[in-house]
Every structure is written in structure tokens, then in C-alpha cells.
Amino acid sequence: MKKLDSGKRDEAAARARLLAAGAYKLADDPTRPRGDPAAFAASPSLDFGPMDAAVARLKVSAAAFDQALAAKGDALSRAQRKRLDAVILTLDQRLLREQGLPFRPWYKNMIYAPGRFTGYGAKTLPGIREALEERRFDDAKTYIGLTAEALVDYASRLDEATRVIHGG
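Keep in mind it's a predicted model, so treat the numbers as computed, not measured.

Q: Tell me about the environment of Arg-157, and please be specific about residues and values.
A: Examined against the element boundaries, Arg-157 turns out to sit in helix α5 (residues 137-165). Here Arg-157 falls in the buried class, since its relative accessible area comes to 12%. Remark: the alpha-carbon pair of Arg-157 and Leu-91, spanning 66 residues in sequence, is separated by 6.3 Å. Once you skip the residues sitting within four places of it in the chain, Arg-157 turns out to touch Ala-86, Val-87, Thr-90, Leu-91 and Arg-94. At 3.2 Å, the side chain of Arg-157 and the side chain of Glu-160 are in polar contact.

Structure (C-alpha cells):
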């Protein structure tokens, strides 16, 4: 997860080198005044620890669910199947957050969304990704937490489904 901002950091470093070397002066038109583009400010360090922990938790929960279903799925009673269906039915709702996404509060899924500027092209982890792409680092910090929270909620619901399979 820590590689998300390395491309932007490389881009900023390349831009700074071009500015220092005067590379933009090659395109000068003496009849039009212009200025060098502003250098990007340094990107702050972001803590992706909550996302790393949430992904690890989800992997464990998903593996336990898969193993339980493979081992006992065929032997579930009708009542267990009905309870399992009820738990799984609302599983995807665990990925929603009431705040919604920046500039699109009506879109509440923290894992995927249509991009703000890409039409219908889907973006994964949109709250984090778009904040990084647009250098809105406070939003990135917020959405790292919200997205991690959504993944932990999803894992918790999978754990509940696993307990149903085990007869709980």
C-alpha cells in the first residue's frame, strides 16, 4: 500500500529537475510572457498502517470463511442456510460509509467508484486514490481511516458468516 504516492513523488522530483535546468525556456516565445510552472510542494508522509492491518484482517477472515464453507457448506441445515443468506445479503453494505466520497457525498462505497474525471471508468479505493492524485493529503489521511474501517467491518461480517457455518 505504501507505493501509492511514489509516482507522484517521482513526478514532482522530475519537475523540480526540469525547472532547475531551465528546460521550460526551450519553449519560450518572446512575444508571449510566461512563467515557469510552480514546483510541487513535498508530499507529506502518510500512514497506511490502518489499511495494511485491515487488508491483513480481511485476508484471514476470507480464508476462514472459504475453508468453513468448503468443509461444511454441503451439510448446512435449511435453517443455517437461511441464516447464512441473511448475513451475506448485507455483506456489501459494510463497504459503505455515511460521509460518502469527497465531492460526491451520495456515492458511499469506499472500495470502488466511477472516477470523478474518468466518466464511467472505475477507480479502486477512490477516496484515497483521488485524494493522492489531486494532492489533497488531509482527505487522503481521512479516507485511509474510513476505507480501513470499511474493510474491518466487512471482515467482521465474514466472521459472523463463518460462525453460522460452524453452527453458531
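Q: Which residues make up the pattern of salt bridges, and what values do they have?
A: Considering all chains together, one arrives at eleven salt bridges under this definition. For Glu-134, the salt bridge goes to Arg-116, with nearest N and O atoms at 2.6 Å. Pair noted here: Glu-134 is in the loop between α4 (126-133) and α5 and Arg-116 is in the loop between β1 (112-114) and β2 (122-124), with a separation of 18 residues, a long-range link. What you see here is one network of salt bridges that share partners, running through Arg-116, Glu-134, Arg-136 and Asp-139.

Q: Now, about the nonpolar core: what can you tell me, with residues and values included?
A: Grouped together as the largest cluster of nonpolar side chains are 33 residues, with contacts concentrated most on Leu-46, Met-51, Leu-84, Ile-128, Leu-132 and Leu-151. Of all the elements in the fold, those that place two or more residues in this core are α2 (49-72), α3 (78-89), α4 and α5. Looking at this core element by element, the count peaks at 13 residues for α5. Each residue touching Leu-151, except ones within four places of it in the same chain, is listed here: Met-51, Ala-54, Val-55, Leu-58, Leu-95 and Ile-111.

Q: How would you summarise α3 if you had to cite specific residues and measurements?
A: Compared with an ideal rise of 1.5 Å per residue, which puts twelve residues at 16 Å, α3 spans 16 Å between its outermost C-alpha atoms and is within 8% of the ideal. Those residues of α3 that sit buried are Gln-80, Leu-84 and Val-87. Buried positions in α3, seen along its axis, are confined to an arc of 60° and lie on one side of it. Of the residues in α3, the exposed ones pointing more than 90 degrees away from the buried face are Arg-78, Ala-79, Lys-82, Asp-85 and Leu-89.

How each quantity is defined
- Residues numbered from 1 in each chain as written.
- Predicted model: local features only at pLDDT ≥ 70, side-chain atom pairs only at ≥ 80, totals over all residues.
- Heavy atoms only, no water.
- Helix = DSSP H or I, 4+ residues; strand = E, 2+ residues; numbered from the N terminus.
- Buried < 20%, exposed > 50% of the residue type's maximum accessible area, 1.4 Å probe, protein only.
- Contact = heavy atoms within 4.5 Å.
- Polar contact = N/O pair within 3.5 Å; in protein donor to acceptor, adjacent residues only side chain to side chain.
- Salt bridge = Lys/Arg side-chain N within 4 Å of Asp/Glu carboxyl O.
- Core = buried A, V, L, I, M, F, W, Y, C linked by side-chain atoms within 4.5 Å.
- Expected span 1.5 Å × (residues − 1).
- Arc of directions from axis to C-beta.

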